[in-house]
Amino acid sequence: MLGQPPEVLKGLLLHGVTNFDTHVLPDIKEKSGSLTNSLEFPLYFFLFMSKGLKQGRRLNLVGEAADISHALRLLRITLFGPTRDELNGWQTDKALANEWLAASEELALKDKYGEIIPAQDFFNVLPFRDGWVKVDDQAIIHVDTDVFDIDSGGRSVRIDLNEDTEIQPPR
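All of these numbers come straight from a predicted model, not from anything done at the bench.

Caption draft 1: Representation of unusual backbone geometry. Unlike most non-glycine residues, Lys-51 shows phi in positive territory, near 60 degrees. Relative to the assigned elements, Lys-51 resides in the loop between helix H2 (40-49) and strand S4 (59-63). Overall, the relative accessible area of 41% leaves Lys-51 in the partly exposed class. At Asp-130, a position not held by glycine, the phi torsion is positive, near 55 degrees. Within the secondary structure layout, Asp-130 lies in the loop between strand S5 (123-127) and strand S6 (132-135). With a relative accessible area of 82%, Asp-130 lands in the exposed category.

Caption draft 2: Quick peek at the sheet that holds strand S7 (residues 138-144). Strand order in the open sheet formed by four strands is S6-S7-S8-S9, with antiparallel pairing between adjacent strands. Unpaired on one side and paired on the other, S6 and strand S9 (155-160) mark the two borders of the sheet. Within the sheet, the average angular offset between the axes of one strand and its neighbour, ignoring direction, is 20 degrees. In terms of strand pairing, strand S8 (residues 147-152) meets S9 through six bridges, oriented antiparallel. If you follow Asp-151 over to S9, its bridge partner there is Ser-156.

Caption draft 3: Structural detail: the pairing of S7. Bridge analysis of S6 against S7 gives four bridges, and the strand direction is antiparallel. By the bridge assignment for S7, Lys-134 is matched with Ala-139. In textbook terms, the turn of a hairpin is the stretch between consecutive antiparallel strands, and for S6 and S7 this stretch comprises two residues, one of which, Asp-136, has a positive phi near 55 degrees.

Caption draft 4: Up close: the packing of aromatic side chains. Taken as a whole, this structure holds four aromatic pairs when the rule is applied. When the ring of Phe-128 is compared with that of Phe-148, the centres are 6.1 Å apart and the planes differ by 20 degrees; the resulting orientation is stacked. Of the two residues, Phe-128 sits in the loop between S5 and S6 while Phe-148 sits in strand S8, which places them 20 residues apart along the sequence. Of the residues examined, Phe-128 reaches a relative accessible area of 8% and is grouped as buried. Taken together, the ring pairs in this structure connect Phe-41, Tyr-44 and Phe-48 into an aromatic cluster.

Caption draft 5: Representation of the nonpolar core within the structure. Phe-20, Leu-39, Leu-61, Leu-72, Leu-75 and Phe-123 are the most contacted members of the largest nonpolar core, which has 22 residues in total. Breaking this core down by element, the ones donating at least two residues are helix H1 (8-14), H2, S4 and helix H3 (65-80). Ranked by residues supplied to this core, first place goes to H3 with five residues. Not counting residues up to four positions away in its chain, the partners in contact with Phe-20 are Met-1, Leu-9, Leu-12, Pro-42, Phe-45, Phe-46, Ser-50 and Leu-59. One finds Val-24, Val-62, Leu-126 and Phe-148 within the second-largest nonpolar core, a separate group that totals 13 residues.

What counts as what
- Sequence order as written defines residue numbering, which begins from 1 separately in each chain.
- This being a predicted model, a pLDDT of at least 70 is required before a residue's local features are given, and a value of 80 or more before pairs of side-chain atoms are given or counted; all residues contribute to the totals for chains, interfaces and linings.
- As a rule here, side-chain values come from all non-hydrogen atoms in the structure, and water together with hydrogens is ignored.
- Only DSSP runs of H or I reaching four residues or more are called helices, and only runs of E reaching two or more are called strands; each is numbered from the N terminus.
- Burial classes follow relative accessibility: with a 1.4 Å probe on protein chains only, a residue under 20% of its type's maximum area counts as buried, one over 50% as exposed, and anything between as partly exposed.
- Here, strands pair whenever DSSP counts at least two bridges between them.
- Axes here refer to lines fitted to C-alpha atoms; in helices the fit is confined to the stretch in contact. Angles between the N-to-C directions go from 0 to 180 degrees.
- Each pair of aromatic rings taken from Phe, Tyr and Trp, with Trp reduced to its six-membered ring, is defined by centres within 6.5 Å and is described as stacked if the planes are under 30 degrees apart, edge-to-face if over 60, and tilted in the remaining cases.
- Each nonpolar core is a collection of buried residues, namely Ala, Val, Leu, Ile, Met, Phe, Trp, Tyr and Cys, held together in the definition by side-chain atoms within 4.5 Å.
- Contacts between residues were defined by any pair of non-hydrogen atoms, one from each residue, lying within 4.5 Å.

Written as structure tokens, this is what we have:
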């Protein structure tokens, strides 16, 4: 999946697509009022619809290093909420902070030992190096702003997120 708003997940389900293993972060973070770099719902889709959690798989997260860092920081807040230090810095009432932290801990996904799984542990972090990255048998080349070439098995497809067109992946 390349730089799509979370709403695209509904379309995947409507078309019977229940699996993807790689999420490429876009350069442009918002289009027409929709965030295109949100990881929360694509991660849920991967973990639960694609059975990534059950099978112990990680979602390949591709993008520029700074974009990956920003997206993971945002995901940490959306999945786990603020930390005690953040709540203290915001001068949150101590009882309310304790209530939020307890609820967040109770709802967090945990490993088989009962330990909270950190957000970054759901991902294989794959930053672009010199404009490209290898993901299994595919190469993803960052050509230009929101333009990517996907090479696989001797075939290539250009993905231009600046256009409104249907993209067919290489087979």
